[in-house]
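These are the residues of each chain, in order.
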Amino acid sequence: MLAEPVLVAYASRHHGTEEMAAEIADALRAAGFSVELRAAADVLTIEPYGAVIVGSAVYMFHWEIPALELVRRERAALASRKVWLFSSGPVGDGKSTRHPETVPHPDGVDQLADEIGARGRAMFGGRVDPRQGGFAMAIMAKAGLEGDWRDLPRVRSWAQAIAAALRADP
């Protein structure tokens with residue numbers, strides 16, 4: 001078992017990605033790992049962590065700045081740890097929400113993942129709730145994209161696969 005805690009960091013405008021990160025943290029805790037769940041903007045260093053999972057909401061094909069800044073700032077330290085990245089993005093009825101794993105990651109994320117040697121990446125569906133407010137939510141809702149396309153059982157399954165990988169290679 002991994003001696004150091006696992007960090008699950010997220011960047012989320014309207015709590016949808018935060019809820020996904022909480023699912024990941026809960027699954028890892030259920031598997032016996034010590035886990036810290038934190039907003040990416042609040043992470044000053046990754047030094048205390050043996051493994052790191054970073055996720056971000058995707059808007060206009062870009063990760064949120066706090067998640068990108070965390071990975072960029074800590075890239076040298078991340079390269080010496082077990083790291084996984086996830087994105088929360090596709091919304092609306094269509095192939096991208098039925099098969100979010102086929103959607104490319106936002107600009108720069110794949111390159112960063114390669115630089116740090118990320119062990120895995122995942123793309124999950126997102127959520128549009130106009131009650132959350134904001135210009136982007138209003139525009140997406142008016143375009144008929146209101147709804148929740150997050151597959152929390154798939155998120156939990158992904159986290160369980162991470163737990164298995166951490167157990168196999170502590």
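Check the entry above for the structure.
Residues numbered from 1 in each chain as written. Predicted model: local features only at pLDDT ≥ 70, side-chain atom pairs only at ≥ 80, totals over all residues. Heavy atoms only, no water.

Asks: I'm lost on the pattern of salt bridges in this one. Help?
Replies: Proximity of charged atoms lets side chains of opposite charge pair with each other. All chains considered together, the criterion is met by 13 salt bridges. For R13, the salt bridge identified is with E64, shortest N-O distance 3.0 Å. Placement of the pair is R13 in the loop between β1 (6-11) and α1 (16-30) and E64 in the loop between β4 (62-63) and α2 (65-73), with a sequence separation of 51 residues. With its nearest N and O atoms 3.4 Å apart, the salt bridge here joins R73 to E74. Among the charged side chains, a network of salt bridges with common partners joins E19, R127, D148 and R150. (Salt bridge = Lys/Arg side-chain N within 4 Å of Asp/Glu carboxyl O. Helix = DSSP H or I, 4+ residues; strand = E, 2+ residues; numbered from the N terminus.)

Asks: It is not clear to me how the pairing of strand β2 (residues 35-39) should be interpreted in this structure. Could you clarify?
Replies: If a strand is regular, its side chains alternate between the two faces of the sheet. Where β1 lies against β2, five bridges are found, and the strand directions are parallel. Bridge assignment links A9 to a residue of β2, and that residue is R38. Running through α1, the crossover from β1 to the neighbouring parallel element β2 is right-handed. (Pairing = 2+ DSSP bridges. Right-handed = clockwise from strand over helix to strand, strands pointing away.)

Asks: Even after reading the chapter, I still don't get α1, so can you show me in this structure?
Replies: Because each turn of an α-helix spans 3.6 residues, side chains separated by three or four positions in sequence point in the same direction. The end-to-end C-alpha separation of α1 is 21 Å, in line with the 21 Å expected for 15 residues at 1.5 Å each. Among all positions of α1, only G16, T17, M20, A21, E23, I24, A25, A27 and L28 are buried. Note on α1: the residue one or two positions beyond its end, G32, has a positive phi of about 100 degrees. (Expected span 1.5 Å × (residues − 1). Buried < 20%, exposed > 50% of the residue type's maximum accessible area, 1.4 Å probe, protein only.)

Asks: Sorry if this is basic, but what is going on with the packing of α1 against helix α7 (residues 152-168) here?
Replies: How two helices pack is summed up by the angle between their axes together with the distance between the axes. Between α1 and α7, the shortest axis-to-axis distance is 8 Å and the interhelical angle comes to 40 degrees. Here α1 is positioned oblique relative to α7, judged by the angle of their axes. Like other packed secondary-structure pairs, α1 and α7 cross with a definite hand, here right-handed. Here M20, E23, I24, D26, A27 and L28 of α1 lie close against α7, whose contacting residues are L152, V155, R156, W158, A159, Q160, I162 and A163. Taken together, the residues of the contact of α1 with α7 break down into ten nonpolar, one polar and three charged. (Axes fitted to C-alpha atoms, helices over the stretch in contact; angles between N-to-C directions. Parallel < 35°, antiparallel > 145°, perpendicular 65-115°, else oblique. Left-handed = near helix turned anticlockwise from the far one by under 90°. Contact = heavy atoms within 4.5 Å. Nonpolar A, V, L, I, M, F, W, Y, C, P; charged D, E, K, R; others polar.)

Asks: Mind showing me how you'd approach the packing of aromatic side chains here?
Replies: The geometry of an aromatic ring pair is captured by two quantities: the separation of the ring centres and the angle between the planes. Across all of its chains, the model carries three aromatic pairs by this definition. Each ring, one from F124 and one from W158, has its centre 5.7 Å from the other, and the planes form 75 degrees; the classification is edge-to-face. Taken together, the residues span a long stretch of sequence, with F124 in strand β6 (residues 120-124) and W158 in helix α7 at a distance of 34 residues. Take F124: its relative accessible area is 1%, and that puts it in the buried class. Joined through ring pairs, the aromatic side chains of F86, F124 and W158 make up one cluster. Taking NZ or CZ as reference, R13 lies 3.9 Å from the ring centre of Y59, over its face. (Phe/Tyr/Trp six-rings, centres within 6.5 Å; stacked < 30°, edge-to-face > 60°. Lys NZ or Arg CZ within 6 Å of the ring centre and 35° of its normal.)

Asks: Sorry, what's going on with the nonpolar core here?
Replies: As a rule of thumb, nonpolar side chains are buried together in soluble globular proteins. In this structure, V6, I24, L28, F33, I53, F86 and W158 are the most contacted members of the largest nonpolar core, which totals 26 residues. Contributing elements (two or more residues each) for this core: β1, α1, β2, β3 (51-59), β5 (82-88), β6 and α7. Membership of the second largest hydrophobic core comes to 24 residues, among which are L7, A11, V71 and I116. (Core = buried A, V, L, I, M, F, W, Y, C linked by side-chain atoms within 4.5 Å.)

Asks: Would you take a moment to explain the side chain of R150 for this structure?
Replies: If you trace the backbone, R150 turns up in the loop between β8 (147-148) and α7. Side-chain polar atoms of R150 contact the backbone oxygen of G16, separated by 3.2 Å. (Polar contact = N/O pair within 3.5 Å; in protein donor to acceptor, adjacent residues only side chain to side chain.)

Asks: Would you mind showing me how to read the environment of W84 here?
Replies: Locating W84 in the fold gives a position in strand β5. For the pair W84 and A122, spaced 38 residues apart in sequence, the C-alpha separation works out to 8.2 Å. Dropping the residues within four chain positions of it, W84 is found in contact with A51, V52, I53, V54, R119, G120, W158, I162, A165 and L166.

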